[in-house]
Amino acid sequence: MNIKRIDMYRLKMPLKDVFETSMGVETHREFILLSAYDGDEIGFGECVAMDIPVYSEETVDTCWHMLEQYMIPAVLNRDINHPDEFHEQFRWIRGNKMAKATLEGAIWDLYCKIKDVSLAKELGGVKKEILSGISMGIEKNIDKLLHDIEGYVAAGYKRLKLKIKPGYDIEPIRAIRERFPTVPLMADANSAYTLDDIDLLKEMDQFNLMMIEQPLPYDDIIDHATLQREINTPICLDESIKSTDDARKAIELGSCKIINIKVGRVGGLSESKRLHDICEERGIPVWCGGMQESGIGRAHNIAISSLSNFTIPGDTSPSSRYWIKDITTEEVEFHDPGKIAVPDKPGIGYGLCQDTVSDYLIRREVYVK
Ligand code: OSB
Ligand code: MG
């Protein structure tokens, strides 16, 4: 494989509904889409960084900068034998995992298209379909929240995840449990608590949650270990795990019992697979987290979710969960309620609809050498 040209697009897509978390309120999703060309084949990658650094240090601007200044010039017109080389080539760049994952994802897609194999199969995927969960933003009107949940349960979602923050935690969870006593339910705090909140976090044990996701600071694994010793609800780490090594250390410390793998957060598909494998060896189940991706990022998530240790329903939902119109030729949809089929077409298995891309386009640059 030899990449002759790369296009970067900055897109801004309106969300169907406002999405509130402990990190803020969103009305749009702004992100980078990357196309890598070799001959007639095009590989697609999506950058999951947000426009402001509330989830991680990276943003759309920092990723654009890292890709343009360092990564794109170093891959153009250079022979690549396997996508795993990318991780090694850019090991010297510290951090910037979401920027790295953007180009690495496009390289994986392109590699698979040239090889005429699906991304899922090439990654070692074994599942024909994946189980879909929904992530629900903060909704202060509890009646509306319960009404929305009726719809999600009827649509077949396999798991509900409620975003929580101090002042919006026990009460909505209790209300959901009273109405839906057995629905698979979890909470995601996006780092909104500290060990000072330990009594409140212990109180959550009564609700039979599948897990609580990232209750404590985004860069912590020590306090999470202390917390996990004190509560019965399994802790799942999201923000704190940025590499396979982070995962190994968190598991050894007892900081979590479950790990959320986000391809962007850990620097790409090669690293996601490694992380998946060490979790499998150590008996730690994983699931694929979402970052409100377009169809392109969803397609990458579906492929990685087909690996054997993704045993818990993830965040990957149909395109229509967030988008009025997605940018892929076919939208991501349920083929059975709560289930998304893993494509067996070459690469990610979804094409790009250029007309829709134009509707959301803010900036486009073409890179050739
Ligand atoms: O913490 O999982 C998270 C969205 C943006 C940033 C962080 C998170 C989320 C979500 C939504 O929970 C997941 C999705 O449905 O794509
Ligand atoms: Mg999370």
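Computed from a prediction, not measured in an experiment: that's the story for all the values here.

Q: What is the right way to read helix H3 (residues 97-115) from this model?
A: The α-helix winds at 3.6 residues per turn, so residues separated by three or four positions along the chain end up facing the same way. For H3, which comprises 19 residues, the first-to-last C-alpha distance of 26 Å matches the rise-based estimate of 27 Å (1.5 Å per residue) to within 8%. Of the residues flanking the end of H3, it is aspartate 116, one or two places downstream, whose phi is positive at about 60°.

Q: Explanation requested: the pairing of strand E3 (residues 41-46) in the structure shown.
A: Consecutive side chains of a regular strand alternate in pointing toward one face of the sheet and then the other. Where strand E2 (residues 24-38) and E3 come together, six bridges link them in antiparallel fashion. When the bridges of E3 are listed, aspartate 38 appears paired with glutamate 41. Where E2 folds back on E3, the antiparallel hairpin that results is connected by two residues, among which glycine 39 adopts a positive phi of roughly 60°.

Q: Would you mind going over the coordination of the magnesium ion (ligand 2) with me for this structure?
A: Think of it this way: four donors in a tetrahedron around the metal ideally sit 109.5 degrees apart, and six in an octahedron ideally sit 90 or 180 degrees apart. Summarising the metal site, the magnesium ion (ligand 2) is bound by the protein donors Asp188 (OD), Glu213 (OE) and Asp238 (OD), whose distances to it range over 2.2 to 2.4 Å. The sequence pattern describing where the donors of the magnesium ion (ligand 2) fall on their chain is D-x24-E-x24-D. One end of the pair, glutamate 213, is in strand E8 (residues 212-213); the other, aspartate 238, is in the loop between strand E9 (235-237) and helix H9 (244-253), with 25 residues separating them in the sequence. Comparing glutamate 213 with aspartate 238, the two get one shared label, buried.

Q: When you look at the sheet that holds strand E6 (residues 160-163) in this model, what are you seeing that I'm missing?
A: Working definition: the strands of a sheet are paired by backbone hydrogen bonds and lie parallel or antiparallel to each other. Pairing within the open sheet is parallel, and its seven strands lie in the order E5-E6-E7-E8-E9-E10-E11. Each of the sheet's edge strands pairs with one partner strand only, and the pair in question is strand E5 (134-136) and strand E11 (286-288). When E9 meets strand E10 (residues 258-261), the two strands line up parallel, connected through two bridges. Within E10, the position partnered with cysteine 236 by the bridge is isoleucine 258. Against the sheet, helix H5 (residues 142-155) contacts E5 and E6, and its axis sits at roughly 170° relative to E5. Against the sheet, helix H6 (residues 170-179) engages E5, E6 and strand E7 (185-188), with an angle of about 170° to E7.

Q: Sorry if this is basic, but what is going on with the domain arrangement of the chain here?
A: Often, the extent of an interface is quoted as the loss of accessible area upon association of its parts. Split by domain assignment, the chain resolves into domain 1 (5-116 + 351-368) and domain 2 (121-341). The gap between the C-alpha centroids of domain 1 and domain 2 is 23 Å. With 43 residues of domain 1 at the interface, the matching set in domain 2 holds 46 residues. Connecting domain 1 to domain 2 are four salt bridges. Measuring nitrogen to oxygen at the nearest pair gives 3.3 Å for the salt bridge that ties lysine 165 to glutamate 20. Along the contact surface separating domain 1 from domain 2 lie 25 residue pairs in polar contact (both at pLDDT 80 or more). The set of elements that each furnish at least two residues to the side of domain 1 that touches domain 2 consists of strand E1 (5-21), E2, E3, helix H2 (84-89), H3 and helix H12 (354-360). When the residues that make up the side of domain 1 that touches domain 2 are grouped by side-chain class, the tally is 23 nonpolar, eight polar and twelve charged.

Q: What's the story with the site of ligand 1 in this structure? I'm lost.
A: Near ligand 1 you find 15 residues, and of these Lys163, Asn190, Lys262, Gln292 and Tyr322 are the closest. At a separation of 2.8 Å, an oxygen atom of ligand 1 approaches a polar side-chain atom of lysine 163. One of the backbone N or O atoms of glutamine 292 is found 2.8 Å from an oxygen atom in ligand 1. Relative to its unbound accessible area of 390 Å², ligand 1 is 99% covered by the protein chains. Here the residues of the shell around ligand 1 sort into four nonpolar, four polar and seven charged.

Q: How should I be thinking about the sheet that holds E2 in this particular structure?
A: One open sheet holds the four strands; their spatial order is E3-E2-E1-E13, and the pairing between them is antiparallel. Of all the strands in the sheet, the pair left with one neighbour each is E3 and strand E13 (361-368). With strand direction ignored, the average angle separating the axes of adjacent strands in the sheet is 25°. Contacts between H3 and the sheet are confined to E1, E2 and E3, with E3 contributing the most and set at about 150° to the helix.

Q: Which parts of the structure should I look at to understand the nonpolar core?
A: Buried together is how nonpolar side chains tend to be arranged in soluble globular proteins. The biggest cluster of nonpolar side chains holds 86 residues, and the ones touching the most others in it are Met136, Ile164, Ile173, Ile176, Ile259 and Ile327. Counting only domains with at least three residues in this core, you end up with domain 1 (5-116 + 351-368) and domain 2 (121-341). For isoleucine 259, the contacting residues outside a window of four places in its chain are Cys236, Leu237, Ile241, Ala247, Ile251, Leu275, Cys279, Ile284, Pro285, Val286 and Trp287. Core analysis: the second largest hydrophobic core is formed by 32 residues, Cys47, Met71, Ile93 and Ala99 among them.

Q: Help me understand the pairing of E7, please; the structure alone is not making it clear to me.
A: Along E7, one buried face is formed by Leu185 and Ala187 and the opposite face, lined by Met186 and Asp188, is buried too. Inspection of the sheet shows E6 paired to E7 by four bridges, in the parallel sense. Counterpart to leucine 162 in the pairing with E7 is alanine 187. Regarding topology, H6 serves as the crossover connection from E6 to the parallel E7, and that connection is right-handed. Where E7 meets E8, two bridges bridge the pair, whose relative direction is parallel. Residue pairing across strands places alanine 187 opposite isoleucine 212, the latter belonging to E8. Once the chain exits E7 it traverses helix H7 (residues 198-203) before rejoining the sheet at E8, and the crossover so formed is right-handed.

Thresholds, definitions, all that
- Here, residues in each chain are numbered from 1, in the same order as that chain's written sequence.
- Key to labels: chains lettered from A, ligands numbered from 1, both in the order written.
- The predicted nature of this model means local features are confined to residues of pLDDT at least 70 and side-chain atom pairs, given and counted, to a pLDDT of 80 or more, with totals for whole chains, interfaces and linings taken over all residues.
- To obtain the side-chain values, all non-hydrogen atoms of the structure were included, while hydrogens and water were left out.
- Strands here are runs of E lasting at least two residues and helices are runs of H or I lasting at least four, both read from the DSSP assignment and numbered beginning at the N terminus.
- Multiplying one less than the number of residues by 1.5 Å gives the expected span of a helix.
- Pairing between strands is defined by DSSP: at least two bridges between the two strands are required.
- Coordinating N, O and S atoms are those within 2.8 Å of the metal (3.2 Å for Na, K and Ca), and as water is not part of the atoms, a site may appear to have fewer donors than expected.
- Burial status follows relative accessibility: with a 1.4 Å probe on protein chains alone, a residue under 20% of its type maximum counts as buried, one over 50% as exposed, and anything between as partly exposed.
- Whether two residues are in contact is decided by their heavy atoms: any pair within 4.5 Å suffices.
- Angles shown run from 0 to 180 degrees and are taken between the N-to-C directions of axes, each axis being a line fitted to C-alpha atoms and, for helices, limited to the stretch in contact.
- What fixes the domain bounds is an automatic or database domain assignment.
- The term salt bridge refers to a pairing of a side-chain nitrogen on Lys or Arg with a carboxyl oxygen on Asp or Glu at a separation within 4 Å.
- For the purposes of these results, a polar contact is taken to be a pair of N or O atoms within 3.5 Å, where, inside protein, one atom must be able to donate a hydrogen and its partner to accept one; residues adjacent in sequence count only when each atom of the pair is a side-chain atom.
- In the scheme used here, Gly and all other residues not listed as nonpolar or charged are polar, with Ala, Val, Leu, Ile, Met, Phe, Trp, Tyr, Cys and Pro taken as nonpolar and Asp, Glu, Lys and Arg as charged.
- Whether a residue is near a molecule or strand is decided by its heavy atoms; if any one of them lies within 4 Å of it, the residue is near.
- Per-residue and other accessible areas were derived by the Shrake-Rupley procedure at a 1.4 Å probe size, with only the shown protein chains allowed to occlude residues.
- By nonpolar core we mean a set of buried residues, namely Ala, Val, Leu, Ile, Met, Phe, Trp, Tyr and Cys, connected to one another through side-chain atoms within 4.5 Å.
- Looking down the strands as they point away from the viewer, one classifies a crossover as right-handed if the path from the first strand across the helix to the second runs clockwise.

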